[in-house]
Amino acid sequence: MNLLFISLGCDKNLVDTEKMLGLLGKEGYAFVDDENEADVIVINTCCFIGDAKEESVNTILEMARLKETGRLKALIVTGCLAQRYKEEITTEIPEVDAVLGTTSYEAVAQAVKEALGGHHTAIFKSIDEPVGETTDRLVTTGGHYAFLKIAEGCDKRCTYCIIPYLRGKYRSVPVEQLVKEAGELAEKGVKELILVAQETTVYGKDLYGKKMLPELLHRLAGIPGIQWIRLQYCYPEEITPELIEAIKTEEKVCHYLDIPIQHASDAVLKRMGRRTSNAEIRGLIETLRKEIPDIALRTTMISGFPGETEDDHQTLLDFVYDMEFDRLGVFAYSPEEDTPAYGFPDQVPEELKEERRDEIMELQQDIAFEKSARMKGRVLEVMIEGKVADENAYVGRTYMDSPGVDGLIFVNTELPLMSGDFVRVRVTGSADYDLIGEVEHEFTE
């Protein structure tokens, strides 16, 4: 029985997908990557913003047509869109045989069996369900890096965000469980762990009464085979001196932080329900760069939030100019029903939101290109990701680059390298966001 899995949305969703693939693999399904060869299709959906919702719906409709034109016998929909629009999916897309909520992915094998038996199924648990023990994951990222989801849900309740309504309250995965999962990943050849959650910085507070991310980093760093540990989704107000010290002193922890800031105008931050101010964020960034001079900082911003004025926008531009982030992404505000901001007055016109987004990105592009050019002459540790076809060159990532969202480095060498190898590379030039370099000498694996 051939099964195709389609994973949409964020890295946290991808972890759920890999767990479901592991469960289905145990049941003996053969995996294919062509929908026309699939007897069963499972779609793990996203609906964080409007574009993601549209992509999820279009994917479901496209796959549903295969019930008529292909060999498809069962269509399963899981994830955030399923959680949010269960009724609409089951009534308006009858080709869907089963829908599973965000905390019900462990029932995917059951759902597939029932669908193949001709039964329509909806499996939903409480969105505050405790995080279960991780089953065998089928890692889909190439094998040399993997995402480690350290918590589910969120308690922040930012006014624009739908996630707490779909994923529930913040629930940390116990330390021992994460160390065990990370050890299993390392045994499979994973060398880089990328820690993800809706927010990583309050990890452990619900279970242990205190923030445990520094302790978790120390524990993970002790696992043989793991060479890089990368932190994502670190809320600025929760970054403690202890966390900074752990990043600074633990050799395997990359000098890299992904800090979702969202805006720099105090008025907008307040309406967003954020818990920081312009001055506090500037102070944090100054501290980070003082304590860890080579730290790479990534952030995300939202343009056109309800009530955002030209002055607010200019404040954000000034902030981006002053802070010189290494990596920065901007989203035009997406009004999501059932969130407080959906009903806020003074909604910004779509065209203006996009103009402001583009203006920020143009500024950041200049900053990023200049930073890339300044890297010339530096020697960096690089993880090889693959070979450039028909050339004596490879593509890789430095500690400054998270896969899929940041830049790459193209490495010229005669050495026969494999994905997952680590090499020392001297930067010889840059091309926009990417670097170019030559191997100095090979690191021991």
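Preceding block: the structure.
Residues numbered from 1 in each chain as written. Predicted model: local features only at pLDDT ≥ 70, side-chain atom pairs only at ≥ 80, totals over all residues. Heavy atoms only, no water.

### Some remarks on the overall build of the chain
Scanning the chain for helices and strands turns up 15 helices and 19 strands. Against the 2.2 N^0.38 benchmark of 22 Å for 445 residues, the chain shows a C-alpha radius of gyration of 22 Å, consistent with a compact globule. On the principal axes, the C-alpha backbone points of the chain span a range of 60 × 60 × 45 Å. Scored against the burial criterion, the 445 residues of the chain give a buried share of 57%. Looking at the chain alone, contacts between residues at least 24 apart form 72% of all its contacts between residues at least 6 apart. A total of about 18,800 Å² of accessible surface is found on the chain, and carbon and sulfur atoms cover 49% of it. The positive charge centre, built from 49 side chains, and the negative charge centre, built from 82, are 5 Å apart in the chain. (Helix = DSSP H or I, 4+ residues; strand = E, 2+ residues; numbered from the N terminus. Rg over C-alpha atoms; globule rule 2.2 N^0.38 Å. Buried < 20%, exposed > 50% of the residue type's maximum accessible area, 1.4 Å probe, protein only. Contact = heavy atoms within 4.5 Å. Areas by Shrake-Rupley, 256 points an atom, 1.4 Å probe, with all protein chains shown as cover. Lys, Arg positive; Asp, Glu negative; His and termini not counted. Charge placed at Lys NZ, Arg CZ, Asp CG, Glu CD.)

### Re unusual backbone geometry
Backbone geometry at Arg157 places phi at a positive 60°, although glycine is not the residue there. Within the secondary structure, Arg157 sits in the loop between β8 (151–152) and α7 (163–167). In this model, Asp432 sits at a positive phi of 60°, which is unusual for a non-glycine residue. Positionally, Asp432 belongs in the loop between β18 (422–431) and β19 (434–442).

### What about the sheet that holds strand β4 (residues 74–79)?
Taking strand neighbours across the sheet as the criterion, the six strands line up as β2-β1-β3-β4-β5-β6 in an open arrangement whose pairing is parallel. Each of the sheet's edge strands pairs with one partner strand only, and the pair in question is β2 (30–31) and β6 (121–123). Note: strand β5 (residues 98–100) against β6, three bridges, orientation parallel. Residue Leu100 lies in a different strand from β6, and its bridge partner there is Ile123. Lying on the sheet, helix α2 (residues 50–64) is in contact with β1 (2–7), β3 (40–45) and β4; it crosses β3 at an angle near 175°. Docked against the sheet, helix α6 (residues 108–116) engages β3, β4, β5 and β6, running at close to 150° with respect to β4. (Pairing = 2+ DSSP bridges. Axes fitted to C-alpha atoms, helices over the stretch in contact; angles between N-to-C directions.)

### Some points on helix α15 (residues 350–374)
A rise of 1.5 Å per residue sets the reference length of α15, with its 25 residues, at 36 Å; its end C-alpha atoms lie 36 Å apart and thus fit the reference within 8%. For α15, the complete set of buried residues consists of Lys353, Arg356, Ile360, Leu363, Gln364, Ile367, Ala368, Lys371 and Ser372. (Expected span 1.5 Å × (residues − 1).)

### Structural notes on the pattern of salt bridges
The tally for this structure, following the rule as stated, stands at 37 salt bridges. A salt bridge links Glu152 to Lys149; the shortest N-O distance between them is 2.8 Å. Here Glu152 and Lys149 have matching classes, each one buried. Arg271 is paired through a salt bridge with Asp312; the nearest N and O atoms lie 4.0 Å apart. Taken as a pair, Arg271 in helix α12 (residues 266–272) and Asp312 in helix α14 (residues 310–323) lie far apart in primary sequence, 41 residues in all. Accessibility expressed as a relative area gives 28% for Arg271, which makes it partly exposed. (Salt bridge = Lys/Arg side-chain N within 4 Å of Asp/Glu carboxyl O.)

### Overview of a negative patch on the surface
On the surface, Asp51, Glu54, Glu55, Glu351, Glu354, Glu355, Glu359, Glu362 and Asp366 cluster together into a patch of negative charge. Among the elements of the structure, α2 and α15 are those that each provide at least two residues to the negative patch. At six residues, the largest contribution of residues to the negative patch is made by α15. (Patch = residues over 30% accessible without salt bridge, like charges linked within 9 Å, V, L, I, M, F, W, Y side chains within 5 Å.)

### Let's talk about the layout of surface pockets
Space inside the second largest pocket adds up to approximately 350 Å³. Lining the second largest pocket are 16 residues, with Trp228, Glu251, Val253, Glu381 and Tyr399 sitting closest to its centre. When residues of the lining of the second largest pocket are traced back to their parent elements, those giving at least two are β12 (253–258) and β15 (379–387). Among the residues making up the lining of the second largest pocket, the classes are represented as eight nonpolar, two polar and six charged. (1 Å grid on protein atoms, 1.4 Å probe; cavity = no way out; pocket = protein on both sides within 12 Å on 5 of 7 lines; lining within 4 Å. Points joined across faces, edges and corners; volume = space filled by probe spheres on them. Nonpolar A, V, L, I, M, F, W, Y, C, P; charged D, E, K, R; others polar.)

### Section: the nonpolar core
The biggest cluster of nonpolar side chains holds 59 residues, and the ones touching the most others in it are Leu195, Leu220 and Leu257. With six residues, helix α8 (residues 175–187) is the largest single contributor of residues to this core. In this structure, Leu195 is in contact with Leu148, Ile150, Thr200, Leu213, Leu216, Leu217, Leu220, Ile229, Arg230, Leu231 and Gln232, ignoring residues within four places of it in sequence. Within the second largest apolar cluster, 25 residues are counted, among which are Leu8, Val32, Met63 and Ile162. (Core = buried A, V, L, I, M, F, W, Y, C linked by side-chain atoms within 4.5 Å.)

### Remarks on the packing of α14 against α15
Relative to each other, α14 and α15 sit at 15°, their axes nearing to 10 Å. The orientation of α14 with respect to α15, classified from their angle, is roughly parallel. Remark: the crossing between α14 and α15 carries right-handed chirality. Counted together, Glu310, His313, Leu316, Leu317, Val320 and Tyr321 of α14 and Leu352, Arg356, Glu359, Ile360, Leu363, Gln364 and Ile367 of α15 form the full contact between these two elements. For the contact of α14 with α15, a count of residues per class yields eight nonpolar, two polar and three charged. (Parallel < 35°, antiparallel > 145°, perpendicular 65-115°, else oblique. Left-handed = near helix turned anticlockwise from the far one by under 90°.)

### Some points on the pairing of β15
The pairing of β15 with β18 spans five bridges and is classified as antiparallel. Each bridged residue has a counterpart across the sheet, and for Val382 the counterpart in β18 is Val423. When β15 meets strand β16 (residues 393–397), the two strands line up antiparallel, connected through four bridges. Of the residues in β16, the one forming a bridge with Met383 is Arg397. In sequence, β15 turns back onto β16 through a hairpin of five residues, with Asp390 there showing a positive phi of about 60°.

### Observations regarding the environment of Gly189
In this fold, Gly189 is placed in the loop between α8 and β10 (192–196). Between the C-alpha atom of Gly189 and that of Val96, which follows or precedes it by 93 residues, the distance is 37 Å.

### Points about the sheet that holds strand β13 (residues 296–303)
In any sheet, the strands associate via hydrogen bonds between backbone groups, in a parallel or an antiparallel arrangement. Read across the sheet, six strands follow the order β7-β10-β11-β12-β13-β14 without closing on themselves; strand pairing throughout is parallel. For this open sheet the edge positions go to β7 (145–149) and β14 (327–332), each flanked by a neighbour on one side alone. The average angle at which neighbouring strand axes cross in this sheet is 20°, direction not considered. As defined by bridge partners, β12 adjoins β13 across three bridges and the pair is classed as parallel. Bridge pairing links Leu257 to Leu297 in β13. Packed onto the sheet, α15 meets β13 and β14 and runs at close to 170° relative to β14.

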